[in-house]
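If you want the building blocks of each chain, they are given just below.
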Amino acid sequence: MTKCSTGKGITTKYDGGYGTDLETIRKNEYPLLKETIYLDHTGKTPYAKSLIESFSQDMMSNQFENLQSMSLSSQQTTKRREDVRLRALEFFNADPNEFDLIFVPSTTNAIKLVAECLRDLDPRGFQYRYHMDSCSSIVGVRELANMGSQCVRDIDVDAWISELSSKQSGPPKLLAFPAQSNLNGRRLPVHWCKQIRAAASEKGQNIFSLLDAASFVSTAPLDLKEWAPDFTAASFFKIFGFPDLGALIIRKSAAQALKRPKVIDGGPVDQVPVSGLHWDATKKTSVHERLEDGTIRFHSIIALDAAFETHRRLYGSMTNISAHTGLLAKQLYRKLSLFRHFNSTKVCRIYQSGYGDRALQGPIIAFNIKNSRGDWIPKTDVERLAAAQGIRLRSVSVCNPGVLTSSLRWRKEDIRRQYAATLPCDDRHNTLNELPTGVLRISLGAMTSLTDIDILIQFIEDTYVEKAPRFFGRNLR
Ligand SMILES: *Cc1c(COP(=O)(O)O)cnc(C)c1O
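Residues numbered from 1 in each chain as written. Predicted model: local features only at pLDDT ≥ 70, side-chain atom pairs only at ≥ 80, totals over all residues. Heavy atoms only, no water.

**Looking at unusual backbone geometry**
Following F242, the chain continues to P243 via a peptide bond in cis, the omega torsion being 0 degrees. Within the secondary structure layout, P243 lies in the loop between helix 9 (237–240) and strand 10 (246–251). Here the phi dihedral of A228 falls at roughly 55 degrees; this positive angle occurs in a residue that is not glycine. Mapped onto the elements, A228 comes out in the loop between helix 8 (224–227) and strand 9 (231–235). Phi is positive for S344, close to 60 degrees, though the residue is something other than glycine. Position of S344 among the secondary structure elements: in the loop between helix 12 (318–338) and strand 13 (348–350). For S344, a relative accessible area of 54% puts it in the exposed group. (Helix = DSSP H or I, 4+ residues; strand = E, 2+ residues; numbered from the N terminus. Buried < 20%, exposed > 50% of the residue type's maximum accessible area, 1.4 Å probe, protein only.)

**Let's talk about the sheet that holds strand 19 (residues 438–443)**
Here 4 strands make up an open sheet; going across it, the order is 13-14-19-16 and the pairing antiparallel. Two strands lie at the open edges of the sheet, namely strand 13 and strand 16 (394–397), each paired on one side alone. Strand after strand, the sheet turns through a mean of 40 degrees between neighbouring axes, direction not considered. (Pairing = 2+ DSSP bridges. Axes fitted to C-alpha atoms, helices over the stretch in contact; angles between N-to-C directions.)

**Regarding the site of the ligand**
In the region of the ligand, the neighbouring residues are S106, T107, T108, C135, S137, N182, D212, A214, S215, S235, F237 and K238. Across the complex, the protein chains shield 85% of the 390 Å² of accessible surface that the ligand would expose by itself. Where the shell around the ligand is concerned, the elements lending two or more residues are helix 4 (107–121) and helix 9. Grouping the amino acids of the shell around the ligand by side-chain chemistry returns 3 nonpolar, 7 polar and 2 charged. (Near = heavy atom within 4 Å. Areas by Shrake-Rupley, 256 points an atom, 1.4 Å probe, with all protein chains shown as cover. Nonpolar A, V, L, I, M, F, W, Y, C, P; charged D, E, K, R; others polar.)

**What about the side chain of N368?**
The topology assignment puts N368 in strand 14 (residues 364–369). Of the polar contacts made by the side chain of N368, one reaches the side chain of Y351; its length is 2.9 Å. Side-chain polar atoms of N368 contact the backbone oxygen of G438, separated by 2.8 Å. (Polar contact = N/O pair within 3.5 Å; in protein donor to acceptor, adjacent residues only side chain to side chain.)

**Remarks on helix 13 (residues 379–388)**
For helix 13, every residue scored as buried is listed here: K379, T380, V382 and A386. Within helix 13, the buried residues cover an arc of 155 degrees as seen down the axis, which keeps them to one side. Seen from the open side of helix 13, the exposed residues pointing more than 90 degrees away from its buried face are R384 and A388. Buried positions along helix 13 lie against strand 14, strand 15 (391–392), strand 16, strand 19 and helix 16 (450–464). Positioned one or two residues after helix 13, G390 has a phi angle of 80 degrees, which is positive. (Arc of directions from axis to C-beta. Contact = heavy atoms within 4.5 Å.)

**Focus on the sheet that holds strand 6 (residues 149–152)**
Taken in spatial order, the 7 strands make up an open sheet running 4-10-9-8-7-5-6, and their pairing is mixed. The sheet terminates laterally at strand 4 (99–104) and strand 6, the two strands that pair on one side only. Looking at each pair of strands side by side, their axes are set apart by 20 degrees on average, direction ignored. Across 4 bridges, the pairing between strand 5 (residues 127–131) and strand 6 is parallel. Across the sheet, the residue bridging to Y128 is S149, located in strand 6. Contacts between helix 7 (residues 191–203) and the sheet are confined to strand 5, strand 7 (173–178), strand 8 (207–212) and strand 10, with strand 8 contributing the most and set at about 165 degrees to the helix.

**Considering the nonpolar core**
Residues F92, L222, F236, L304 and Y315 are the most contacted members of the largest nonpolar core, which totals 64 residues. Counting residues per element, this core draws most heavily on helix 11 (residues 298–315), at 10 residues. Contacts of L222, omitting those with residues within four sequence positions, involve F91, F92, N93, L211, A213, F216, V217, W227 and T232. I102, V141, A145 and I250 belong to the second-largest nonpolar core, a separate cluster that totals 31 residues. (Core = buried A, V, L, I, M, F, W, Y, C linked by side-chain atoms within 4.5 Å.)

**Quick notes on the pattern of salt bridges**
Under the counting rule described, the total for this entry stands at 24 salt bridges. Between R81 and E82 there is a salt bridge, and its shortest N-O distance comes to 3.0 Å. Here R81 falls in the buried class, since its relative accessible area comes to 16%. For E82, a relative accessible area of 23% puts it in the partly exposed group. For D305, the salt bridge is made with R87, and the minimal N-O distance between the two is 3.0 Å. Note that D305 is positioned in helix 11 and R87 in helix 3 (residues 72–91), a separation of 218 residues in sequence. Note on D305: relative accessible area 18%, which makes it buried. One network of salt bridges, with partners in common, ties together D58, R80, R87, D305, E309 and R312. (Salt bridge = Lys/Arg side-chain N within 4 Å of Asp/Glu carboxyl O.)

**So, the environment of R197**
By secondary structure assignment, the location of R197 is in helix 7. C-alpha separation for the pair R197 and F208, spaced 11 residues apart in sequence, amounts to 7.3 Å. Excluding residues that lie within four positions of it along the chain, R197 makes contacts with E98, A228 and R251.

**Side note on the confidence of the model for the chain**
In this model, the chain carries a mean pLDDT of 86, and residues with pLDDT of at least 70 account for 82%. Strand 1 (residues 3–5) is the least confidently modelled element of the chain, averaging 40 in pLDDT, while strand 15 averages 98, the highest of any element. When the criterion is pLDDT under 50, residues 1–12 qualifies, and its contacts beyond four places in sequence or with other chains add up to 29 contacts. This stretch, residues 262–282, has a pLDDT under 50; its non-local contacts, to residues over four places away or in other chains, come to 30 contacts. (pLDDT = per-residue confidence, 0-100.)

What follows is the structure, given as structure tokens:
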């Protein structure tokens with residue numbers, strides 16, 4: 001338990017249970033945040049100074065090699081890489097007997113790899129379902145799904161799962177969804193993965209789940225043992241700020257789905273044609289040996305070691321971060337939702353509620369602001385004014401039709417008209433037919449402080465809460 005002065009003479013307790021006082025962590029580890037109220041952790045979270053120092057120390061005292069050889073440094077690199085792989089599995093509570101982890105450049109690459117392998121698994125291709133809260137990395141997979149794709153809601157997923165065990169086996173099927181929406185922080189029912197697995201094994205069917213954990217992992221502990229997705233994609237820079245590296249975690253019993261076309265590119269090659277002789281050099285046994293090809297980012301993997309270590313030293317565990325960010329999000333939500341103009345109309349339209357329940361809601365707030373007459377304030381204006389005061393929040397144009405209907409209350413006709421008139425992601429249009437085309441997004445991180453929250457609240461109050469009628473000239477209308 002650490003204490004912090006909010007700058008208003010009120011002392012409020014944090015619940016995070018970090019080893020060190022948060023103010024001290026901020027001062028020593030994030031000097032660049034001194035002048036900034038950084039509230040875009042879902043985009044990217046800042047890295048700690050000592051992570052970079054410890055990585056550079058490591059680089060200066062060791063020689064790392066990309067290719068396997070008999071040299072000592074090559075063997076040391078291999079050992080370090082495999083140790084980090086185990087450490088990463090442990091971080092996500094994934095038993096190495098049950099799961100394997102392959103390093104990829106990013107979450108998007110991990111998702112794409114699964115899709116490409118499934119496309120090649122069966123000559124018919126695969127059937128694809130993706131949840132409407134997904135972001136573009138998951139939505140994009142529909143282009144590879146030869147047997148059709150469908151954007152689904154919660155009730156559609158439940159209905160589909162309940163029918164699975166009575167169905168005859170067909171082409172491979174994949175359900176993909178985010179563990180947490182990176183737009184509004186909603187946490188989705190991860191028990192779907194377990195249910196799909198149960199139905200699939202009962203029927204011996206090729207039915208798989210793909211969990212996009214990129215947004216979730218930045219502020220919460222991922223528990224793969226309990227949830228058991230077949231494939232999980234995540235990015236380490238969303239947790240530690242550095243290195244720019246991602247992972248695909250594969251349940252070993254689903255690994256048979258991921259057969260990769262063999263390519264000779266300087267990495268591990270199983271089959272080497274030698275002047276007419278087709279020679280099967282080695283049978284790769286582990287999933288990562290089969291799927292990681294070419295020169296993987298071995299320096300980034302080494303950096304990950306320093307990232308785990310620094311993170312543990314500063315914050316203890318993801319559970320601590322979850323408690324800390326959850327508490328701040330709840331307070332921020334409460335304050336934003338209480339703002340009223342002089343005529344008692346609401347200032348903020350917030351697109352989620354339930355900030356008290358961490359199973360359902362992460363520390364991201366998506367909202368829009370209205371003036372006292374009920375007109376929407378353009379989100380890009382808010383972002384610009386905030387930036388001028390050193391406050392980094394993000395205006396997000398919503399490109400996903402699913403989210404437009406679910407969060408922003410768009411009707412199908414509106415979406416059709418919008419697509420006809422312009423691209424929905426076009427930032428020049430903040431509203432269309434009097435509905436906002438996007439949201440303002442605040443996302444909290446491990447080192448967000450109560451002072452950050454207070455300054456943001458003060459900014460919105462000073463700039464947008466109308467205490468008395470303002471003169472609206474006719475020309476403003
Ligand atoms: C950030 C994010 C991604 C993309 O991650 P990359 O590593 O940039 O590919 C995908 N899904 C979600 C939910 C995210 O938050």
